[in-house]
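# Close look at the chain arrangement
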Amino acid sequence: MYTVQSKTFRINPFHSLRTQLCAGAIALLGLTVLSISYFLIIHEKRILTDEIEKALVLQGRHIALSSEKALLRSDPEFELFPMVKTILENSQSVESVVITDSDGIIYGHEELQHVSKRYAVDYEGYTIKQSPVVGPDETLYESVSSYHIDTPVKSLDRTVGHVHLTYSKKDMNASIRRALTISIIGILFALTVGTVLSLILFRRISQPMRHLMDGVNKLGEGNLDTKISLKTKNEFRVLAESFNEMAERIARAQKE
């Protein structure tokens, strides 16, 4: 509230220059922090996804390479069955491994009763994923919860079988959630610190402004001896000195 020549002016807090500047600074800070955090999260998710896909493709190729000699023999199941069991025991993210010959007959499976049966692939819920790490004869499928890759087993440029590897996204999604949680905590911390600093900064701006307004009010009431003393070294001090000089001139003119 300010009084000028018997007129009282009430400034709505929402229309106050201090409030508008402070709100604008906080909004700008929040938008900047959110934008940077969003792009960082997207970038981290992309890197993590690429690493998982690359590891999946390499694992499929490794299994295919290890299955080549076994599929060329008449009894491949005696070597492929224990190999599949070992892979599943050593990796919690691998949901299933199925190794078939070129005709789709299963010779490597975690359950022995499925051996020598035709493998029926169920791709319901999966979509083909285009990835730069996938080879020309490989196919990578993706669903909400897992990946599935079909890797050919080759011998002298001839396809002798296929490796069907299903990989769970559980660990990847957990890592993404951790990164998202850390980012949210960082965003809230940055916004809190930025808000406090903004309030301190605009308080330092508003105090000289209030002194100037009080001086103008006193001058308007006829107190020509009014002096404004500010310790700041910015534009407010220049404005205060100009005000004091103006008040002196008015006082001299009134005396004359």
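These notes cover the structure that comes with them.

Criteria and cut-off values
- Residues numbered from 1 in each chain as written.
- Predicted model: local features only at pLDDT ≥ 70, side-chain atom pairs only at ≥ 80, totals over all residues.
- Heavy atoms only, no water.
- Helix = DSSP H or I, 4+ residues; strand = E, 2+ residues; numbered from the N terminus.
- Buried < 20%, exposed > 50% of the residue type's maximum accessible area, 1.4 Å probe, protein only.
- Core = buried A, V, L, I, M, F, W, Y, C linked by side-chain atoms within 4.5 Å.
- Contact = heavy atoms within 4.5 Å.
- Pairing = 2+ DSSP bridges.

Here we come to unusual backbone geometry. Note on backbone geometry: most residues besides glycine have negative phi, and most peptide bonds are trans. Here Ser116, not a glycine, exhibits a phi torsion of approximately 75°, which is positive. With respect to the helices, strands and loops of the structure, Ser116 is situated in the loop between β4 (106–108) and β5 (127–128). With a relative accessible area of 49%, Ser116 lands in the partly exposed category. In this model, Leu156 sits at a positive phi of 55°, which is unusual for a non-glycine residue. Within the element layout of this structure, Leu156 appears in the loop between β7 (146–155) and β8 (158–168).

Moving on, we get to the nonpolar core. Grouped together as the largest cluster of nonpolar side chains are 28 residues, with contacts concentrated most on Ile63, Val97 and Ile99. Residue assignment for this core shows that the elements contributing at least two residues are α1 (17–71), α2 (77–90), β3 (94–101), β7, β8 and α3 (170–220). When neighbours within four sequence positions are excluded, Ile63 is seen to be in contact with Met83, Ile87, Val97, Ile99, Val163 and Leu165. Judged by nonpolar contacts, the second largest core, of 6 residues, contains Leu212, Ile228, Ala240 and Phe243.

Attention shifts here to the side chain of Thr151. As for its position among the elements, Thr151 is in strand β7. Among the residues examined, Thr151 registers a relative accessible area of 2% and is labelled buried. Excluding anything up to four places from it in sequence, Thr151 contacts Gly60, Arg61, Ala64, Glu138, Gly161, His162 and Val163.

With 7 of 8 residues buried, β3 lies mostly within the body of the structure. Relative to β8, β3 runs antiparallel, the two sharing 7 bridges. If you follow Ser96 over to β8, its bridge partner there is Thr166. Count of turn residues in the β3/β4 antiparallel hairpin: 4 residues, of which Gly104 carries a positive phi of about 85°.

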